[in-house]
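# Understanding the architecture of this molecule
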Amino acid sequence: MEYSIIRNLIVEIPQVPGNFAKVVSVIGSEQADLGDIETLKIGTHSTIRDISVQFEDETHIDRVVEKINQLGGGITIHAVSDDVLKAHEGGKIHMGSRREIRSLGDLRRVYTPGVANVCKAIEKDPEKANYFTSIGNSVAIVTDGTAILGLGDIGPVAGMPVMEGKAVLFDQFVGISGVPILLDTSDPDEVVETIKHIHKGYGGILLEDIGSPHCFEIEDRLKAELDIPVMHDDQHGTAVVTLAAILSACRTAGVDLAKAKVGQIGLGAAGLAICRMLMAYGVEEMYGSDLSDDAKDRLEKSGGTVVSSIDEIMEKSDIVVATTGVQGLIKKEQVREGQIILALSNPHPEIKPDDALEAGAAFAADGRLVNNVLGFPGIFRGALNARAKDITYPMLIAAAQAIVESTRDGDLVPHPLDPNVHVAVTEAVERAANTGLVQ
Ligand SMILES: NC(=O)C1=CN([C@@H]2O[C@H](COP(=O)(O)OP(=O)(O)OC[C@H]3O[C@@H](n4cnc5c(N)ncnc54)[C@H](O)[C@@H]3O)[C@@H](O)[C@H]2O)C=CC1
Ligand SMILES: CC(=O)C(=O)O
Ligand SMILES: [Mg+2]
């Protein structure tokens, strides 16, 4: 069963023993996936509950609703609400102020005429902008909309909910102001020029969901030309977290990663960066496959070995990572006993972890668990704290190691809401940045 829709059932249940169990049992018997349950109202005779459920499709919802309504005894569904859409009403972020204006004195300090002195101080010594403005704590989240999750080239405006989501994570996990920037061009020259012209307002640039191959050129050029940290999240944020998950799996399984055979399906932004990161870490046998000859050439130029089919990757590899955006690409029959399988495409993986485990995999995870959310917030916080001008490989490796050290034995990665992991990544990246400065 592939769940793709979340809905909340607002159900009134008369207070008769066993009634609630009847509702839950309909959800279970129809193979819908029960989530959070919230009690909205306890009345004299009945209780109203908000039950979050994942469904396969619209007809699946209709079937469950009909069966619950047929239970009788006063059990009634009052509404089927889409909480995901509701959570996006009005957008998820807004620009707020850090100073209140309650008096004319406040106004004159925060705005004119007082502000002019601050402007002059910064004009005299531009470094002062780090103290007297929000620039050093702001990161532009830039997309051209060409590879929004695995949804493809849906354009920057349709990608805005993802960019707002990244901004929410920046704010809540590490206190960075993330500012979405939507580009209506994917031409590398125009993207680079545009970012160069706006970069002065930001302490760093997070490139997000910019597809391959143009993402490689855009990132390389910006890193060379700008004196603030630039990172393409889908490449390096993903590679960091993938390396961490693989290291944790190897630790539990007692496998030496450098000696393992690793296969990467999909050699786009995420896939090629994962291969490069694993090879930099010492993996000697790195296989990859893609539909695009150019993508395969890039792997070969980076030192990996191209194989002709997914069958061959599955056959050869101890560890398989997939980032193709293609739901269900890996079949259960292709899974080998004891394999580590990370099917990382969002919103739907190449193989569901349960299916991979059932087929004999030793470890399996999807892109909800092994997700760059564990990396990019702390990587930027660490880089901004250190006033780093770049995000370097040693900083990324330090981030991966911090994630491994924050992972409980037997798990692949930490829980994304564990604040310790973001602190650990921040500190490790800051340390690595400062060490780099001393060398
Ligand atoms: N879990 C996570 O943190 C992350 C997951 N991803 C996911 O990875 C997927 C790819 O993202 P990007 O690398 O940014 O996109 P991309 O467009 O740069 O790369 C996708 C690559 O997959 C290849 N591909 C497509 N179908 C294939 C097939 N049947 N066999 C072999 N190769 C195939 C394409 O030719 C392309 O090279 C998306 O679904 C995205 O959500 C990306 C970044 C982070
Ligand atoms: C998580 C993420 O960045 C992606 O799926 O594109
Ligand atoms: Mg992304």
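Residues numbered from 1 in each chain as written. Chains lettered and ligands numbered in written order. Predicted model: local features only at pLDDT ≥ 70, side-chain atom pairs only at ≥ 80, totals over all residues. Heavy atoms only, no water.

The name an unreviewed UniProt entry assigns to the protein is NAD-dependent malic enzyme, from the organism Bhargavaea changchunensis. Recorded in UniProt for the protein, the comment headed Sequence similarities (unreviewed entry) runs: "Belongs to the malic enzymes family." (UniProt positions renumbered as here; feature names shortened; annotations may be inferred.)

The subject of this paragraph is the overall build of the protein. The helix and strand inventory of the protein stands at 17 helices and 14 strands. Judged by the C-alpha coordinates and their principal axes, the protein covers about 75 × 65 × 40 Å. The 439 residues of the protein split such that 47% are buried. Here the analysis covers contacts within the protein between residues at least 6 apart in sequence; of these, 67% occur between residues at least 24 apart. When the accessible area of the protein is evaluated, it comes to approximately 21200 Å², of which 52% is carbon and sulfur surface. On the protein, the mean spot of the 39 positive side-chain charges and the mean spot of the 64 negative ones are 7 Å from each other. (Helix = DSSP H or I, 4+ residues; strand = E, 2+ residues; numbered from the N terminus. Buried < 20%, exposed > 50% of the residue type's maximum accessible area, 1.4 Å probe, protein only. Contact = heavy atoms within 4.5 Å. Areas by Shrake-Rupley, 256 points an atom, 1.4 Å probe, with all protein chains shown as cover. Lys, Arg positive; Asp, Glu negative; His and termini not counted. Charge placed at Lys NZ, Arg CZ, Asp CG, Glu CD.)

This brings us to the sheet that holds strand β4 (residues 76-81). Reading across the sheet, the four strands line up as β2-β3-β1-β4 and stay open at both edges, with antiparallel pairing between neighbours. On the outer flanks of this sheet lie β2 (33-42) and β4, each paired with one strand and no other. Averaged over all neighbouring strand pairs, the angle between strand axes comes to 20 degrees, with direction disregarded. With five bridges connecting them, strand β1 (residues 5-14) and β4 associate as antiparallel partners. Residue pairing in the sheet places Asn8 in a bridge with Ser81 of β4. Contacts between helix α2 (residues 58-69) and the sheet are confined to β1, β3 (46-55) and β4, with β1 contributing the most and set at about 5 degrees to the helix. (Pairing = 2+ DSSP bridges. Axes fitted to C-alpha atoms, helices over the stretch in contact; angles between N-to-C directions.)

Quick look at the UniProt feature "domain: ACT" (unreviewed entry) in the protein now. As recorded in UniProt, the sites labelled "domain: ACT" (unreviewed entry) are residues 8-82. From the first C-alpha to the last, residues 8-82 spans 6 Å; its make-up is 31% helix and 44% strand.

Moving on to the site of ligand 2. In the vicinity of ligand 2, the contacting residues are Leu149, Lys166, Glu208, Asp209, Asp234, Asn346, Asn371 and Asn372. With respect to ligand 2, the side chain of Asp234 contributes an N or O atom lying 3.0 Å from an oxygen atom. Looking at the shell around ligand 2 residue by residue, the class counts come to one nonpolar, three polar and four charged. (Near = heavy atom within 4 Å. Polar contact = N/O pair within 3.5 Å; in protein donor to acceptor, adjacent residues only side chain to side chain. Nonpolar A, V, L, I, M, F, W, Y, C, P; charged D, E, K, R; others polar.)

All right, on to the confidence of the model for the protein then. Predicted confidence across the protein gives a mean pLDDT of 96, with 99% of residues reaching 70 or more. Scoring of the predicted complex yields 0.92 for pTM and 0.99 for ipTM. (pLDDT = per-residue confidence, 0-100.)

This part is about the packing of aromatic side chains. Counted under the stated rule, the structure contains two aromatic pairs. Ring geometry for Phe170 and Phe376: centres 5.0 Å apart, planes at 85 degrees, overall edge-to-face. You can see Phe170 sitting in helix α7 (residues 156-174) and its partner Phe376 sitting in helix α15 (residues 376-385), a full 206 residues away along the chain. This pair shows no difference in class: Phe170 is buried, exactly as Phe376 is. Ring geometry for Phe170 and Phe380: centres 5.8 Å apart, planes at 85 degrees, overall edge-to-face. Of this pair, Phe170 sits in helix α7 while Phe380 sits in helix α15, and the two are 210 residues apart along the sequence. Three or more aromatic residues link up through ring pairs in this structure, and these residues are Phe170, Phe376 and Phe380. We note Lys316 situated over the ring of Tyr287; from NZ or CZ to the ring centre the distance is 5.5 Å. (Phe/Tyr/Trp six-rings, centres within 6.5 Å; stacked < 30°, edge-to-face > 60°. Lys NZ or Arg CZ within 6 Å of the ring centre and 35° of its normal.)

The next thing to look at is the site of ligand 1. Around ligand 1, the surrounding shell holds 24 residues, and the nearest of these are Ser212, Ala269, Ala270, Asp290 and Asn372. One of the backbone N or O atoms of Ala269 is found 2.9 Å from an oxygen atom in ligand 1. Asn346 is positioned such that a nitrogen or oxygen atom in its backbone is 3.1 Å from an oxygen atom of ligand 1. For ligand 1, whose unbound accessible area comes to 850 Å², protein coverage reaches 87%. Elements supplying a minimum of two residues to the shell around ligand 1: α10 (233-253) and α11 (269-281). Of the residues that constitute the shell around ligand 1, the class distribution is nine nonpolar, 13 polar and two charged.

This paragraph deals with the nonpolar core. By size, the foremost hydrophobic cluster in this structure holds 89 residues, and its most contacted members are Phe170, Ile205, Leu207, Leu257, Leu278, Leu342 and Ile379. With ten residues, α10 is the largest single contributor of residues to this core. Excluding residues within four positions of it along the chain, Ile379 makes contact with Met231, Val240, Ile391, Leu396, Ala399, Val425 and Val429. Counting residues in hydrophobic clusters, the runner-up holds 17 residues, among them Ile5, Val26, Val53 and Ile77. (Core = buried A, V, L, I, M, F, W, Y, C linked by side-chain atoms within 4.5 Å.)

We now examine the packing of helix α1 (residues 19-29) against α2. Where α1 contacts α2, the two axes come as close as 10 Å, and the packing angle between them is 150 degrees. Here α1 is positioned roughly antiparallel relative to α2, judged by the angle of their axes. Of the two elements, α1 crosses α2, and the hand of that crossing is right-handed. Residues Val23, Val26 and Ile27 of α1 form the contact with α2, whose participating residues are Val64, Lys67 and Ile68. Taken together, the residues that form the contact of α1 with α2 break down as five nonpolar, no polar and one charged. (Parallel < 35°, antiparallel > 145°, perpendicular 65-115°, else oblique. Left-handed = near helix turned anticlockwise from the far one by under 90°.)

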